[in-house]
Each structure stands twice: as structure tokens, then as C-alpha cells.
Amino acid sequence: MADVPTRIDYARALEIVQRVAGARRPGSERVAIQRVDGRVLAQAVTAQFPLPRFDNSRMDGFAVRSADLAADVPTTLTLAGEQFAGPDAGLVLQAGQCARITTGAPLPGGADAVVMKELVQLHGDQVTVPPGILAGNDIRRAGEDVQAGQQVLHAGQVLTPARVSLAAALGHAELAIQPRPTVAVFSTGDELAEPGTALKPGQIYDSNRALLMGLLRQLGLEPVAWPRLPDDPQRVETALRDAAGAFDVVITAGGVSAGEKDLLPGLLQAHGQVHFWKVKIKPGMPVLFGTLEQALLLGLPGNPVSVLATFLALGRPLLDALQGRAEPRPRLTARLACAWNKSHERLEFLRGRLRCSEDGVLLVEPNPAQASHQLRGAADSDALIVLEAGARAYPAGAPVPVLPY
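Residues numbered from 1 in each chain as written. Predicted model: local features only at pLDDT ≥ 70, side-chain atom pairs only at ≥ 80, totals over all residues. Heavy atoms only, no water.

### Observations concerning the overall build of the protein
Line of reasoning, step 1. Within the protein, the secondary structure is distributed over seven helices and 29 strands.
Line of reasoning, step 2. Scaling as 2.2 N^0.38, a compact globule of 405 residues should have a C-alpha radius of gyration of about 22 Å, whereas the protein reaches 31 Å, well beyond that.
Line of reasoning, step 3. Its C-alpha atoms give the protein principal-axis dimensions of about 95 × 50 × 45 Å.
Line of reasoning, step 4. Scored against the burial criterion, the 405 residues of the protein give a buried share of 46%.
Line of reasoning, step 5. Contacts in the protein between residues far apart in sequence, at least 24 positions, make up 70% of those at least 6 positions apart.
Line of reasoning, step 6. For the protein, the distance from the average position of its 39 positive side-chain charges to the average position of its 41 negative side-chain charges is 6 Å. (Helix = DSSP H or I, 4+ residues; strand = E, 2+ residues; numbered from the N terminus. Rg over C-alpha atoms; globule rule 2.2 N^0.38 Å. Buried < 20%, exposed > 50% of the residue type's maximum accessible area, 1.4 Å probe, protein only. Contact = heavy atoms within 4.5 Å. Lys, Arg positive; Asp, Glu negative; His and termini not counted. Charge placed at Lys NZ, Arg CZ, Asp CG, Glu CD.)

Pasting the structure below:
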């Protein structure tokens, strides 16, 4: 693979993944607003009218004319009617009149203030209000939240419940959304057996399939698990090419290193395009990325912790780029809870657990089990600690980037 980028820096690998995926992004689709939560917006949303649409009451109480009110003594007004939230009753207040009003109801004509219900005294149709009520009191003005013509949501934003609610408030029954990529998942190796079956000598249970399926579902995707691949070149080629002809993304675990049974790099070079092979990261250096048939193929190493780290470091950005996600994933900075000695040159993703100190400092505790096969350490952690390239000793309290998972 002399002509293939290999042993590249993580930053370059990430740039390649995002560039290649971004170039393959499909067109948008219209989706009902009831089904857009967590999706990526494809087109900006501009307000066609203001929010609120009209001046309305911020409280349950009484709509009044501030010109009728005394500044230093209570004022008694005559109750002229009521305006509840809903259709405008068409009330117009005359001098000395007020109207009962509920939260969100449009102001009657002539009214320019609202007095909270608990502050008045009511005797039949006589309403006594306290002094000091000024024009604009407890009124929501039209357009004070959103002005007509204002762009309120942007392409590339993830549609959170609050953003969906805003779109609904502006009358949108559907939105233009980036399609979710279809993903096929493979685990490879003669040593793998289905959990729950009897193990033969030398076999282990397949944990990578469950790991990848869970990580993908966390992203809101609906991955399809294909049958495990044996270490057979023809069967590997047939299965991967079949999946690559039908799915947007193929993700594999195992078979990407340089051993005799590591079949994927040669297969991808012979039948597709290799964008890079091997990245200077730990764990997961043999990671493979390329194109096969119509699909992007991401080949992850076989050790389960390497699968976790490389998926979070490269797989998740790949899927985000395919969906046009413009907002970065959370990347926090925490302080190391203990000293850590990094003795190699590669960028490293340690597994660690986040916690907050009593004085409000975010700390991260590296798990002592950091080998790429030690799945328990990853299960006991909730974040990747990013140690930059280069050997160095990190003292306790050193600030480090962390990727929550």
C-alpha cells in the first residue's frame, strides 16, 4: 500500500473522514415535526410572523388603562367584561373600565397594563387596584421573543425538543431533514462465538457486535447486524461487497491489521479505494477507512476497547458528517485526578470516569485497566481522556480534553 496514506496523525485522519463523508451527503427529506427529534436540520427556519403574535397578558388578572390609575392611592374601576386565552372577544376599554384576563390572552383595545389577580380587591363589578401600576406592566409584547423575518434555526443544527417546539410555535408541520445513513455492522474472526452458545477451545464470545450496535443506536440510527465473518477471503469479500452495495456505511470490527488473517486492507485495495490505513493513536492504530461499492467502509481493530475508542474518535464524526451536523459533539476539559505518565509518542485515548469536586471543579479519574482488551475498564468509565501526541508526564490537576460517552 505504498500509495495509501498510512500511519497518519489523528487530525489528518479526522479531516479525511469528514471531507469524504461531507462530499457524499444526500439531499434532504421532508419529515413530520412529530418525528424530527434528534435529527439534523437541512434547511434554515425563518419566522414568517413574530412571537408572540400579539400583545398578551403575562398573568391571570385584570387588563387596565394606565391613564386611569392614580400613582399614590388605589383606584376602583368597573369590570366591563372578560378576555380568556383564545379567540379575541373584541373588547374595547373605555375610561374607568377594566377586563378580567387570563395568561396568554390578547389585550382588550385600550388596555396597556395588566394587574395580577392576587393584588386586586373585587366587589361585584368593582375592581380596586393598588397604586404604582405603570404602562406595560405584566404584558408580553408582540415580537419580543422572535421578530418576523428572523432566522431562528440553522442548517446543521440538531433538533432538540426545545428547537422542535420553536418550529411548531412558528406553524411548521414538517421540516427539511438530513437523511439518516443506513449502516451495516460486521464482526470478524474464526475465534468468535454467539453469546449463549457453548464455546469451543480457543473461542471467545463476540462482544464487538453488541458494542457497535449499542453505540450506533445511541446516535439514533437503526444499524443492521450481518452474520459474523469467518477468516475466509471469498466469504469476506462476498458479504462485504453485498452490504456495501446496499448500505451507506459498513463498519467492521477485526481483520484490519497486518497478520495473515487480516483480510480487509487487501480486499479494500483490490475492490475499492483506501482513504487511509493506520492512524497514530492508541488504542486502535490499524483503523482502516475507504470506499467499497456505494458505501464508506470503516474497519476498526478487533480488541473491544479499540472498537470503542476508534468509533468515538472517527466513526461518530463520519456519521455526523454524512448527516451534515454542524454542531460539535461535547468536548469538555477536566483536571486529572491523579498523575499519569505517557511513555509513547502516539495520541492516546485513556478511559476514565468524570466527577465534580466539592468546589465545582470537573475531575477525571483514569481507569487503571488501560489495555485494549480490558473491556471492564471501559465499562467502568464514562469518558475518553485525550492525551496529545508526544511522551510526557502529566501531574495531578493537569487540564485534559475529555470526550464523554
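### Quick look at the pattern of salt bridges
Opposite charge on two side chains permits pairing when their charged atoms draw close.
Line of reasoning, step 1. Within the structure shown, the criterion is met by 18 salt bridges.
Line of reasoning, step 2. Across the pair Arg-19 and Glu-15 runs a salt bridge, and its minimum N-O distance is 2.9 Å. You can see Arg-19 and its partner Glu-15 sitting in helix H1 (residues 10-23), four residues apart, about one turn around the helix.
Line of reasoning, step 3. As a salt-bridge pair, Arg-331 and Glu-388 come within 3.7 Å of each other at their nearest N and O atoms. In this pair, Arg-331 sits in the loop between helix H6 (304-322) and strand S23 (332-336) while Glu-388 sits in the loop between strand S27 (383-387) and strand S28 (392-394), placing the two residues 57 residues apart along the sequence.
Line of reasoning, step 4. Residue class for Glu-388 comes out partly exposed when judged on its relative accessible area of 40%.
Line of reasoning, step 5. The structure contains a network of salt bridges with shared partners spanning Glu-194, Asp-206, Arg-209 and Arg-228. (Salt bridge = Lys/Arg side-chain N within 4 Å of Asp/Glu carboxyl O.)

### As for the pairing of strand S7 (residues 97-101)
Regular strands show a simple pattern: their side chains alternate between the two faces of the sheet.
Line of reasoning, step 1. Pairing between strand S5 (residues 61-64) and S7: three bridges, direction antiparallel. Across the sheet, residue Phe-62 finds its bridge partner in S7, namely Arg-100.
Line of reasoning, step 2. Bridge analysis of strand S6 (residues 75-83) against S7 gives four bridges, and the strand direction is parallel. Opposite Leu-79, over in S7, you have Cys-98 as the bridge partner. (Pairing = 2+ DSSP bridges.)

### Examining the sheet that holds strand S18 (residues 249-253)
Sheets are built from strands paired through backbone hydrogen bonds, the pairs being either parallel or antiparallel.
Line of reasoning, step 1. Strand order across the open sheet formed by seven strands is S1-S19-S21-S22-S18-S14-S17, with mixed pairing between neighbours. Looking along the sheet, the strands with just one partner apiece sit at the ends: strand S1 (6-8) and strand S17 (224-225).
Line of reasoning, step 2. Bridge count for strand S21 (residues 288-292) against strand S22 (residues 295-300) is five bridges, and the pairing is antiparallel. From the neighbouring strand, Thr-291 faces S22, where its bridge partner is Leu-296.
Line of reasoning, step 3. Along the sheet, helix H5 (residues 264-271) contacts S18, strand S19 (272-279), S21 and S22; its crossing angle with S19, the most-contacted strand, is approximately 145°. (Axes fitted to C-alpha atoms, helices over the stretch in contact; angles between N-to-C directions.)

### Section: the sheet that holds S7
Line of reasoning, step 1. Strand order in the open sheet made by the six strands is S8-S5-S7-S6-S10-S9, with mixed pairing throughout. The sheet terminates laterally at strand S8 (113-116) and strand S9 (121-123), the two strands that pair on one side only. Direction aside, neighbouring strands of the sheet carry axes that sit 40° apart on average.
Line of reasoning, step 2. Of the strand pairs in this sheet, S6 and strand S10 (residues 126-129) are connected by four bridges, and their pairing is antiparallel. Counted as the bridge partner of Thr-78 is Gln-126 from S10.

### Side note on H6
Line of reasoning, step 1. The largest bend along H6 measures about 50° and falls at Phe-311.
Line of reasoning, step 2. Most of H6 is tucked away: 19 of the 19 residues are buried.
Line of reasoning, step 3. Where H6 ends, the next residue or the one after it, Gly-324, has phi of about 70°, a positive value. (Bend = angle between axes of the 7 residues up to and from the residue.)

### Description of the pairing of strand S14 (residues 183-187)
Line of reasoning, step 1. Within S14, five of the five residues are buried, leaving the element largely enclosed by the surrounding structure.
Line of reasoning, step 2. Here five bridges tie S14 to S18, and the two strands are oriented parallel to one another. Bridging across to S18, Val-183 finds its partner in Val-249.
Line of reasoning, step 3. Where S14 lies against S17, two bridges are found, and the strand directions are parallel. For Ala-184, the partnering residue across the bridge sits in S17 and is Val-224.

### Some points on the packing of aromatic side chains
Line of reasoning, step 1. For the structure on display, the rule yields four aromatic pairs.
Line of reasoning, step 2. Ring centres of Tyr-10 and Phe-349 lie 5.7 Å apart, and the angle between their planes is 85°; this geometry places the pair in the edge-to-face category. Remark: Phe-349 occurs in strand S25 (residues 347-356) and Tyr-10 occurs in helix H1; sequence separation between them is 339 residues.
Line of reasoning, step 3. Judged by its relative accessible area of 1%, Phe-349 falls in the buried class. (Phe/Tyr/Trp six-rings, centres within 6.5 Å; stacked < 30°, edge-to-face > 60°.)

### Describing the nonpolar core
A general feature of soluble globular proteins is that nonpolar side chains tend to end up buried together.
Line of reasoning, step 1. Ranked by internal contacts, the top residues of the largest apolar core, which has 46 residues, are Phe-276, Phe-311 and Phe-349.
Line of reasoning, step 2. Residue contributions to this core peak at 12 residues, all from H6.
Line of reasoning, step 3. Setting aside chain neighbours within four positions, we find Phe-349 in contact with Tyr-10, Ile-281, Lys-282, Pro-283, Ala-309, Ala-313, Gln-370, Leu-384, Ile-385, Val-386 and Leu-403.
Line of reasoning, step 4. Core analysis: the next-biggest nonpolar cluster, separate from the first, contains 21 residues, Phe-186, Val-236, Leu-240 and Leu-264 among them. (Core = buried A, V, L, I, M, F, W, Y, C linked by side-chain atoms within 4.5 Å.)

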